[in-house]
Amino acid sequence: MDAETVISIFFGAVLAVFSFAVVGYAFVRGRQPESESSAGAPKTEDQALADIFDAINTLDLEFQLGRLAEEDFKTQFQAYRVQAATVLRDQLEEGRGDPAWVLEQEILLARGDQESADGQAVTCPDCSAAVLEGTPACPHCGAEMGSQS
Amino acid sequence: MADLGAISLWIALALAAYSTVGSVAGKLRLSPALVESAQSAMYAAGLALLVATFSLVTAFINRDFEIAYVAAHSDLAMPNNLTWVAFYAGNEGSLLYISTVLAIISAIAIWRAPEKLKDALPYTTAVLMLTLTFFLAVMTVMANPFDKLPFVPLDGEGINPLLTHLGMFFHPPALMAGLIGITVPFAFATGALLAGKTGDEWVDAGRVWAILSWALLAGGLLLGSWWAYTILGWGGFWFWDPVEIAAFMPWLVLTAFIHSIMVQKRRGMFRMWNIILINVALGLALYGMFMNRGGSVPSVHSFGASALGWVFLLFLAIGVAVPFAIFIWRYPLLKSARELDSMLSREAAFLVNNLLLLAIAFVSLWGTVYPLLSRLFADEEITVARPFYDQVNGPLMLGLIFLMGIGPLVPWRKASLSSLRKSLLPPAVVGLATVGILFSLGLHKDYALIAFGLSAVVTAGILLEWYRGTRSRHRGTGENYAIAFLHLIWANRPRYGGYIVHLSIVMLALGIVGTSFFSTKLDIVLSPGDSVAVGDYDVVFLGSVETLMSNRTEFTSTLEVYQGGKFLETLETTRAFYPSFNMASTRAAIRSTPVEDLFIVPSENLADGSVGFRILVNPLIWWMWVAGPVMLVGTVVALWPQKIRAPAPAPSRPRFAPGSRPSAA
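Note that the structure is predicted; figures quoted are calculated from it, not measured.

1. Concerning the overall build of chain A
- When helices and strands are counted, chain A shows four helices and two strands.
- Listed N to C, the secondary structure of chain A is α-α-α-α-β-β in terms of helices and strands.
- Counting across all 149 residues of chain A, residues that qualify as buried make up 46%.
- Across chain A, the fraction of contacts at a sequence separation of at least 24, relative to all contacts at a separation of at least 6, is 39%.

2. As for the overall build of chain B
- The number of helices and strands found in chain B is 19 helices and nine strands.
- Relative to a compact globule of 665 residues, whose C-alpha radius of gyration would be 26 Å, chain B shows 27 Å and is just as compact.
- Principal axes of the C-alpha set define a box for chain B whose edges measure 90 × 70 × 60 Å.
- Contacts spanning at least 24 positions in sequence make up 71% of the contacts within chain B whose residues lie at least 6 apart.
- Of the accessible surface of chain B, which amounts to about 26900 Å², a share of 66% is contributed by carbon and sulfur atoms.
- Each charge sign in chain B was given a centre, from 43 positive and 39 negative side chains, and these centres are 21 Å apart.

3. Looking at the pattern of salt bridges
Residue and element names in this part refer to chain B.
- A full pass over the atoms with the stated rule returns nine salt bridges over all chains.
- For Lys 265, the salt bridge identified is with Asp 204, shortest N-O distance 2.7 Å. On the criterion of sequence distance, the pair formed by Lys 265 in helix H10 (residues 242-267) and Asp 204 in helix H9 (residues 203-231) is long-range, its members being 61 residues apart. This pair shows no difference in class: Lys 265 is buried, exactly as Asp 204 is.
- Of the charged contacts in the structure, one is a salt bridge between Glu 465 and Arg 495, with a shortest N-O distance of 3.0 Å. Highlighted residues: Glu 465 in helix H16 (residues 446-477) and Arg 495 in helix H18 (residues 493-518), separated in sequence by 30 residues. Per residue, the accessibility class of Glu 465 equals that of Arg 495, and both read buried.

4. Here we look at the environment of Val14(A)
- Summarising the element assignment, Val14(A) is placed in helix H1 (residues 3-28).
- In the structure, Val14(A) is positioned 13 residues away from Phe27(A) in sequence and 21 Å away in space, judged by C-alpha atoms.

5. Observations concerning the sheet that holds strand S1 (residues 520-526) of chain B
All names here are of chain B.
- Strand order in the open sheet made by the four strands is S1-S9-S8-S7, with antiparallel pairing throughout. Edge positions in the sheet fall to S1 and strand S7 (589-592), since each of these pairs with one other strand and no more. Going across the sheet, the axis of each strand differs from the next one's by a mean of 15°, ignoring polarity.
- By the bridge criterion, four bridges tie S7 to strand S8 (residues 596-605) in an arrangement that is antiparallel. Within the sheet, the bridge partner assigned to Arg 591 lies in S8 and is Leu 598.

6. Re helix H14 (residues 386-406) of chain B
Residues and elements named next belong to chain B.
- If you check H14, its first and last C-alpha atoms are 29 Å apart, about what 21 residues at 1.5 Å a residue would give, namely 30 Å.
- Taken together, the buried positions of H14 are occupied by Tyr 389, Asn 393, Gly 394, Leu 396, Leu 398, Leu 400, Ile 401, Leu 403, Met 404 and Gly 405.
- The elements touched by buried residues of H14 are H10, helix H13 (346-378), H16 and H18.

7. With respect to the packing of aromatic side chains
Residues and elements named next belong to chain B.
- Going through the model one piece at a time under the given rule, you end up with 31 aromatic pairs over all chains.
- When the ring of Trp 466 is compared with that of Tyr 496, the centres are 6.2 Å apart and the planes differ by 75°; the resulting orientation is edge-to-face. Taken together, the positions of Trp 466 in helix H16 and Tyr 496 in helix H18 put the pair 30 residues apart, joining distant regions of the chain.
- On the accessibility criterion, Trp 466 (10% relative accessible area) is buried.
- For Tyr 496, a relative accessible area of 0% gives the class buried.
- In this structure an aromatic cluster arises from ring pairing among Phe 134, Phe 135, Phe 312 and Phe 315.
- Between the NZ or CZ atom of Arg 112 and the centre of the ring of Trp 111, over which it lies, the distance is 5.6 Å.
- In this structure, Arg 330 packs its charged tip against the face of Trp 329, placed 4.0 Å from the ring centre.

8. What to know about the pairing of strand S9 (residues 611-619) of chain B
All names here are of chain B.
- Counting buried residues in S9 gives nine out of nine residues, a clear majority hidden from the surface.
- Taking every second residue as pointing to the same face, both faces of S9 are buried, with Val 611, Phe 613, Ile 615, Val 617 and Pro 619 on one and Gly 612, Arg 614, Leu 616 and Asn 618 on the other.
- Of the pairings in the sheet, the one linking S1 to S9 comprises seven bridges and is antiparallel in character. If you follow Asp 523 over to S9, its bridge partner there is Arg 614.
- Where S8 meets S9, nine bridges bridge the pair, whose relative direction is antiparallel. Counted as the bridge partner of Ile 600 is Ile 615 from S9.
- Joining the antiparallel neighbours S8 and S9 is a turn of five residues, in which Gly 609 adopts a positive phi near 95°.

9. Describing the domain arrangement of chain B
Residues and elements named next belong to chain B.
- Each assigned domain of chain B is listed with its residue range as follows: domain 1 (1-164), domain 2 (178-367), domain 3 (386-517 + 630-641 + 656-664) and domain 4 (519-619).
- Between the C-alpha centres of domain 1 and domain 4 the distance comes to 43 Å.
- Domain 1 puts eight residues into the contact, and the matching count from domain 4 is eight residues.
- The largest share of the area that domain 1 buries against domain 4 comes from Pro 161, Leu 162 and Thr 164, three residues that together contribute 59% of it.
- Remark: the boundary between domain 1 and domain 4 carries zero salt bridges.

10. Some remarks on the sheet that holds strand S5 (residues 566-578) of chain B
Residues and elements named next belong to chain B.
- Taken in spatial order, the five strands make up an open sheet running S2-S3-S4-S5-S6, and their pairing is antiparallel. Looking at strand neighbours, the two that pair on one side only are strand S2 (531-534) and strand S6 (583-587), the edges of this open sheet. Recorded for the sheet is a direction-independent mean angle of 25° between the axes of neighbouring strands.
- With eleven bridges connecting them, strand S3 (residues 537-548) and strand S4 (residues 553-563) associate as antiparallel partners. The partner of Val 540 across the bridge, within S4, is Glu 560.

11. A closer look at helix H6 (residues 121-142) of chain B
- Over its 22 residues, H6(B) extends 31 Å from the first C-alpha to the last, a length consistent with the 32 Å expected when each residue adds 1.5 Å.
- Judged by how many residues are buried, H6(B) sits mostly within the fold: 18 of 22 residues are covered.

Cut-offs and rules
- Residues numbered from 1 in each chain as written.
- Chains lettered and ligands numbered in written order.
- Predicted model: local features only at pLDDT ≥ 70, side-chain atom pairs only at ≥ 80, totals over all residues.
- Heavy atoms only, no water.
- Helix = DSSP H or I, 4+ residues; strand = E, 2+ residues; numbered from the N terminus.
- Buried < 20%, exposed > 50% of the residue type's maximum accessible area, 1.4 Å probe, protein only.
- Contact = heavy atoms within 4.5 Å.
- Rg over C-alpha atoms; globule rule 2.2 N^0.38 Å.
- Areas by Shrake-Rupley, 256 points an atom, 1.4 Å probe, with all protein chains shown as cover.
- Lys, Arg positive; Asp, Glu negative; His and termini not counted.
- Charge placed at Lys NZ, Arg CZ, Asp CG, Glu CD.
- Salt bridge = Lys/Arg side-chain N within 4 Å of Asp/Glu carboxyl O.
- Pairing = 2+ DSSP bridges.
- Axes fitted to C-alpha atoms, helices over the stretch in contact; angles between N-to-C directions.
- Expected span 1.5 Å × (residues − 1).
- Phe/Tyr/Trp six-rings, centres within 6.5 Å; stacked < 30°, edge-to-face > 60°.
- Lys NZ or Arg CZ within 6 Å of the ring centre and 35° of its normal.
- Domains from an automatic or database assignment.
- Buried area = accessible area lost by both parts, 1.4 Å probe.

So this is what it looks like as structure tokens:
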């Protein structure tokens, strides 16, 4: 047996032992408390919110580009807000996250719903997204709408 | 190093098999420790395969001809930078490459999987590791790259000369990685189905990995075309070769998938359809691997007569039957959240686009299986050649370009006729004007006119939308137009990344139409000092020089190119003969401009010093090669992670983004 074969077998054995240790480690270490599943749920909800907000961004862009009538835009915009508010309310009811923060978001959404009922679209001074008149902050970039009308 | 490589392969096989069984058993027996252990085994299998890869690379660098694979695919004259090509030049090495890629992307996919898929991950892991187990079992038992010769030869057989081209550094690995990469979105979909998660949980992960595979396949196909164009010596780039089609078909189905998955992500629709699409994509990828390894279709690309054909055919049968059985099992749960609101909507456009893409894929599939069926049932092999594909797929592709033009201009849910008219009118006018101008300039070929007109519609639609969006930002924020444009793209990355890819498809269409309809070809024998006119060019052959190299005889021909009497440049083209392979390889001389290529390739060097040349003028082909980088940029933009902003954040708080919400008190 030449030196190269011996070295190969040695490193092969090291790899085998290492693999065995990696595979066996899960059985010998103590189990983590089952907090992972409860931490997982909010992320799922976050993704649901993210998808709704993404849809609002696209809707908004299409309105700006003149592809949607204002009436259709308002209807769909409101429907998405309701969806987002529902997700936030579910979070609140399930007692996840920071209740004050969730409630605050929900109030803002609800206010947006009310204002959108008869508001006109204006342009955000920061990101130029279409925003319903009277909304205190741009739904997309967070900039204060100030005296824009 | 042969022993370390062989040991690593066996360890990887054991780990992959354990990971497959452990994942399912752990999930069914509700043993988190077993699931975690199986997942760790998957990571360890990746490490073992990296060791095996390192061993083979080292063997190549050391020219360890005791290893049969190294002796068959390298020699002492081979430069070390070709080790990468030699690594996957044969069946055994390419299997190791595929296994290593699969192990690495599986590890990354599971590690980065979204939390919402946690329940399904054991099944996803099992699907990935079952595939890896298959490849490793085939490799260790039937095609081991570390098998030794009974004696050590003084020199190896050398690398196939056709592979010593820059395109070969990326074309085969990109295609192989793209094909095997489809396993990842497929595994997410199947894992979710098995776990009973029949909603949209797998959509984000599936989309990202499908786009990555799609980009790899697109890049691989384009580089393969470039390779064929510059080295094969026939002046074309696409031959509808069965193995080219084998990579093209999954790419088409993935294209359909990455469009329709957006509908599921946004609207919760097409759930069943997307499962079917990813199953079909995987089936076609497995079919491609079968054709490459012992499939009965001869091709310039295949690994020759390999005994692995039946094994891969069996794997293909399982890979098609089992996923569809799972689909049928879960069918009652796969209800879409919503119905189609209107046929005048983005969703409907995506659906038609999907059907056209599938039609092209199945026409191409029919073309590859028809010779087999004819041999089986009619005792006579009838091959299907380029005219069939051109005649059937040509109109379908025009339909696709048409949809690419109007689809992005139609809003989601439903469009009113007036808004549709407003959106479509300007691009339609540009398209018609393009057709009119080209017609008046003397271009009277129907297909070409339609293709150029539709390309103009797509380009105008995209540019117009960018202009309007940029102008809107400029007016609203006072940003200059360049900054406003960049911000517009950045704020809508998935959408505008897709538009950039659409532009690259238009570039591809320009190249294909230009060369298919307006190419000029001349085959001629020239003696030194002779000149010939081709198109607007005058080509003067100065002479040819013969050089003896260690593994080949190289003939370098020098030509001068003139246009309208004005000297443009001197070009050199080579033809090399490799006696050990009894094979000639050519390097074309190409003068490339955005308008046209002048392409010169020697076909034969005669004893009296004269040379047979093929000279072509290929209009617009330059755009094909530019399309690749543009497509890459579009893909990167589309995949770049995006923080989604909340519709109504409190002004006093930082912006809401997923994952940034404060945790429970």
